[in-house]
Amino acid sequence: AINGAPILDEDGEVSKVVFTLEDYTDRKIQHDELVAALAREQQLAEVKSSIISTISHEFRTPLTIMMTSLGILGMKYGSTVEEGFTNRIEGIEKQIKHLDEMLNDVTFINKSNSVGHTLKVNPVDLPSFFSQMSEEIHIAFPDRPPLVVTGNCQGFQVETDILMLQQIFMNLFSNAVKYSNGKEPAICEYACDGQNLSVSVSDCGIGIPEDSLETIFDVFQRADNVGNISGTGLGLAIVRRALDVLGGTISVESTEGEGSTFRVSIPVRCVEAV
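So, here is what we can say about the structure in this document. (Residues numbered from 1 in each chain as written. Predicted model: local features only at pLDDT ≥ 70, side-chain atom pairs only at ≥ 80, totals over all residues. Heavy atoms only, no water.)

The next thing to look at is helix α4 (residues 162-178). Between its first and last C-alpha atoms α4 spans 23 Å; for 17 residues at 1.5 Å apiece the expected length is 24 Å, and the two agree. α4 sits mainly inside the fold: 12 of its 17 residues count as buried. Those residues of α4 lying buried are Met 164, Leu 165, Ile 168, Phe 169, Asn 171, Leu 172, Phe 173, Ser 174, Asn 175, Ala 176, Val 177 and Lys 178. The distance from a side-chain oxygen at the start of α4 to the backbone nitrogen of Leu 163 is 2.9 Å, and the residue carrying that oxygen is Asp 161. (Helix = DSSP H or I, 4+ residues; strand = E, 2+ residues; numbered from the N terminus. Expected span 1.5 Å × (residues − 1). Buried < 20%, exposed > 50% of the residue type's maximum accessible area, 1.4 Å probe, protein only. Polar contact = N/O pair within 3.5 Å; in protein donor to acceptor, adjacent residues only side chain to side chain.)

Shown next as structure tokens:
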């Protein structure tokens with residue numbers, strides 16, 4: 001590139017012009033390389049997203065067929081064979097449900113990384129919502145103490161996306177119960193000031209090592225101390241992405257061997273309960 005600048009004399013007249021020459025060749029090459037690299041990354045992301053979507057779709061059909069077939073077998077032979085047969089049927093159904101849940105989680109993450117999620121805002125009755133969530137957790141973990149939920153949002157509802165709330169708190173609640181010591185209940189406390197929904201979820205469990213706290217919300221990341229406790233490393237990543245959709249935040253305080261507390265803040269609008 002060539003740039004020129006006039007030099008004026010004492011009378012304000014142009015006496016000379018100074019030209020500068022800059023060679024942008026290296027910068028242009030770097031720019032073109034960055035553009036090409038970005039295009040390749042976008043193409044790879046699209047291919048990956050397409051593969052994940054296809055796999056998720058293709059897996060669901062055989063899983064549905066297997067679950068249906070197991071139900072038919074159970075109804076036809078369950079009362080005429082030994083107890084071990086029924087136990088095996090239930091074990092297979094449990095594993096199929098686990099695979100289906102994992103596919104749902106992967107699909108949610110994939111959508112977050114590609115097209116994003118569209119908010120569907122509706123009034124939500126918080127006491128009913130958290131009561132239902134805690135009941136579902138108790139059904140999923142019948143051998144654990146029930147989750148204790150307390151809050152002060154009687155008389156009004158909040159406008160938000162209930163599906164996102166379910167993603168957030170089902171994962172936080174299941175983690176709190178799953179990683180607890182099995183003796184003391186996990187505790188959820190929630191409050192709403194008209195503009196923000198604040199929720200804390202605490203447990204007395206294995207806690208999170210300090211060196212894992214920075215990556216705990218990343219995809220497929222699990223702390224080193226989880227041992228044989230089952231998990232995919234997707235739950236907290238889903239929580240973070242759902243909160244991003246709602247414009248919320250999350251923080252965690254944890255001590256290894258003592259337990260963890262997750263604090264969530266979500267902007268909401270309050271309306272009178274119907």
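Next comes the rest of the description.
Attention now goes to the packing of helix α3 (residues 126-140) against α4. Contact geometry of α3 with α4 gives a least axis separation of 10 Å together with a crossing angle of 45°. When the axes of α3 and α4 are compared, the pair comes out oblique. α4 is crossed by α3, and the crossing has right-handed handedness. When α3 is examined against α4, the residues Phe 129, Phe 130, Met 133, Glu 136 and Ile 137 are found in contact with a partner set consisting of Ile 162, Leu 165, Gln 166, Phe 169, Met 170, Phe 173, Ser 174 and Val 177. Each residue belonging to the contact of α3 with α4 can be placed in one class, and the counts come to 10 nonpolar, two polar and one charged. (Axes fitted to C-alpha atoms, helices over the stretch in contact; angles between N-to-C directions. Parallel < 35°, antiparallel > 145°, perpendicular 65-115°, else oblique. Left-handed = near helix turned anticlockwise from the far one by under 90°. Contact = heavy atoms within 4.5 Å. Nonpolar A, V, L, I, M, F, W, Y, C, P; charged D, E, K, R; others polar.)

Before going further, it helps to examine the sheet that holds strand β10 (residues 269-272). Taken in spatial order, the three strands line up as β3-β5-β10 in an open sheet, and their pairing is antiparallel. This sheet does not close on itself; its edge strands, each paired only once, are β3 (122-124) and β10. On average, adjacent strands in this sheet sit at an angle of 40° to one another, irrespective of strand direction. Alignment of β3 against strand β5 (residues 156-160), held across three bridges, turns out to be antiparallel. Along β5, the bridge assignment pairs Asn 122 with Thr 160. (Pairing = 2+ DSSP bridges.)

This brings us to the nonpolar core. One finds Phe 130, Ile 168, Phe 169, Leu 172, Phe 173, Val 199 and Ile 266 to be the most contacted residues of the largest nonpolar core, which totals 46 residues. Going through the elements one at a time, α2 (83-113), α3, α4, β6 (187-192), β7 (196-203), α5 (235-246) and β9 (259-267) are the ones with two or more residues in this core. By residue number, the principal contributor to this core is α4, which donates eight residues. In contact with Phe 130, not counting residues within four places along its chain, are Val 149, Phe 169, Phe 173, Cys 188, Tyr 190 and Val 199. With five residues, the next largest nonpolar core counts Leu 63, Ile 89, Ile 96 and Leu 103 among its residues. (Core = buried A, V, L, I, M, F, W, Y, C linked by side-chain atoms within 4.5 Å.)

Overall, mixed pairing links the five strands, which are arranged β4-β6-β7-β9-β8 in an open sheet. Strands with a single pairing partner mark the edges of an open sheet, and in this sheet they are β4 (148-151) and β8 (249-255). The average undirected angle you get between the axes of adjacent strands in this sheet is 10°. Together, β8 and β9 form the strand contacts of α5, whose direction differs from that of β9 by roughly 20°.

This part is about α5. The first and last C-alpha atoms of α5 sit 17 Å apart over 12 residues, in line with the 16 Å expected at 1.5 Å per residue. Burial runs high along α5: nine of the 12 residues are buried. Turning to α5, its buried residues are Gly 235, Leu 236, Ala 237, Ile 238, Val 239, Arg 241, Ala 242, Leu 243 and Leu 246.

This part covers the environment of Phe 169. Residue placement: Phe 169 occurs in helix α4. Residue classification places Phe 169 among the buried positions, given a relative accessible area of 0%. Separated by 30 residues in the primary sequence, Phe 169 and Val 199 place their C-alpha atoms 9.4 Å from one another. Those residues within four positions of Phe 169 in sequence are excluded, and the remaining contacts are Phe 129, Phe 130, Val 199, Val 264 and Ile 266.

On to a negative patch on the surface. Negative charge collects at one region of the surface, where Glu 210, Asp 211, Glu 214, Asp 224 and Glu 256 lie side by side. Counting through the fold element by element, Glu 214 comes out in the loop between β7 and α5. Here Glu 214 falls in the exposed class, since its relative accessible area comes to 77%. (Patch = residues over 30% accessible without salt bridge, like charges linked within 9 Å, V, L, I, M, F, W, Y side chains within 5 Å. Areas by Shrake-Rupley, 256 points an atom, 1.4 Å probe, with all protein chains shown as cover. Salt bridge = Lys/Arg side-chain N within 4 Å of Asp/Glu carboxyl O. Lys, Arg positive; Asp, Glu negative; His and termini not counted. Charge placed at Lys NZ, Arg CZ, Asp CG, Glu CD.)

Fair warning: the whole summary comes from geometry, so function is off the table for now.
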